Amino acid sequence: MQRPRKPRVLVDANVLFAGAASPSEHSASLVVLQLAEITLIEALTSEQVIVEVERNLTAKLPRALPAFQLIVSRSLRVVPDPQPTDLEPHAGLADPKDLPILVAALREGCRWLVTFNVRDFQPGHPDVNVVRPGEFVLLVRDLLTHLTVEGEE
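This report concerns the structure included in the present document. Predicted model, so just to flag it, every value in this text is computed and none were measured.

1. Remarks on unusual backbone geometry
Among all residues except glycine, the phi angle is most often negative; among peptide bonds, the trans geometry is most common.
Now for step 1: With an omega of 10°, the peptide bond running from glutamine 122 to proline 123 counts as cis.
Now for step 2: Structurally, proline 123 can be placed in the loop between strand E4 (112–114) and strand E5 (129–131).
Now for step 3: Of note in this structure, threonine 39 is not a glycine but carries a positive phi near 65°.
Now for step 4: Here threonine 39 lies in the loop between helix H2 (28–37) and strand E2 (42–46).

2. Looking at the environment of arginine 63
Now for step 1: Here arginine 63 is to be found in the loop between helix H3 (47–60) and helix H4 (65–75).
Now for step 2: By relative accessible area, which is 68% here, arginine 63 ends up exposed.
Now for step 3: Taking the C-alpha atoms as reference points, arginine 63 and alanine 21, separated by 42 residues in sequence, lie 8.6 Å from one another.

3. Side note on the packing of aromatic side chains
Now for step 1: Tallied over the full model, the rule gives 1 aromatic pair.
Now for step 2: Judged by centre distance (5.7 Å) and plane angle (65°), the rings of tryptophan 112 and phenylalanine 136 are edge-to-face. Here tryptophan 112 is found in strand E4, whereas its partner phenylalanine 136 is found in helix H7 (residues 133–145), with 24 residues between them in sequence.
Now for step 3: Under the relative-accessibility criterion, tryptophan 112 is labelled buried at 5%.

4. Things to note about the sheet that holds strand E3 (residues 76–79)
Strands pair in a sheet through their backbones, by hydrogen bonds, and they do so in one of two ways: parallel or antiparallel.
Now for step 1: Strand order in this open sheet of 5 strands is E3-E2-E1-E4-E5, and the pairing throughout is parallel. The sheet is open, and its two borders are formed by E3 and E5, each paired with just one other strand. When strand polarity is set aside, the average angle formed by the axes of neighbouring strands in this sheet is 30°.
Now for step 2: Here 3 bridges tie E4 to E5, and the two strands are oriented parallel to one another. Within the sheet, the bridge partner assigned to valine 114 lies in E5 and is valine 131.
Now for step 3: Sheet strands touched by H3: strand E1 (8–11), E2 and E3. Its angle to E2, the strand with the most contacts, is close to 75°.

5. Description of the environment of threonine 115
Now for step 1: Following the sequence through the fold, threonine 115 ends up in the loop between E4 and E5.
Now for step 2: On the accessibility criterion, threonine 115 (0% relative accessible area) is buried.
Now for step 3: Separated by 86 residues in sequence, threonine 115 and serine 29 have C-alpha atoms that sit 9.0 Å apart.
Now for step 4: Not counting chain neighbours up to four residues away, the residues in contact with threonine 115 comprise Asp12, Asn14, Val15, Phe121, Val130, Val131, Arg132 and Pro133.
Now for step 5: Side-chain polar atoms of threonine 115 contact the side chain of asparagine 14, separated by 3.3 Å.

Here is what the cut-offs are and how they apply
- Residues numbered from 1 in each chain as written.
- Predicted model: local features only at pLDDT ≥ 70, side-chain atom pairs only at ≥ 80, totals over all residues.
- Heavy atoms only, no water.
- Helix = DSSP H or I, 4+ residues; strand = E, 2+ residues; numbered from the N terminus.
- Buried < 20%, exposed > 50% of the residue type's maximum accessible area, 1.4 Å probe, protein only.
- Phe/Tyr/Trp six-rings, centres within 6.5 Å; stacked < 30°, edge-to-face > 60°.
- Pairing = 2+ DSSP bridges.
- Axes fitted to C-alpha atoms, helices over the stretch in contact; angles between N-to-C directions.
- Contact = heavy atoms within 4.5 Å.
- Polar contact = N/O pair within 3.5 Å; in protein donor to acceptor, adjacent residues only side chain to side chain.

Shown next as structure tokens:
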């Protein structure tokens, strides 16, 4: 029996910021990152996202930097930003500042992009589902309930 592939997701800066700064271990952003840490999903992010979150945490919530660094090391694979020439064929699919994130998701084969700023990724690309963290947690829960143990069918 072929094993189902783990969901591959690209995590946007606002989700990573919220996960690192979360006062609750039950926030959807942190749960997404914890799913990656325990290897139920494969979570990626781009260099652009890492730089943005580091800059914002340093300015707004420097005490959360250690949690951020731990989350990145345990939960995420950081991928290079797309080159400007990689963006050109996808112009208009997302807000110009967010287009590199969408293109990174496409390039890395991520079926989902998790963000609080869904509108910034419109009209989007048909190969990438742009969802909020809570929606993604529900989706993973649904996927897990449909798994069967080998021999139980």
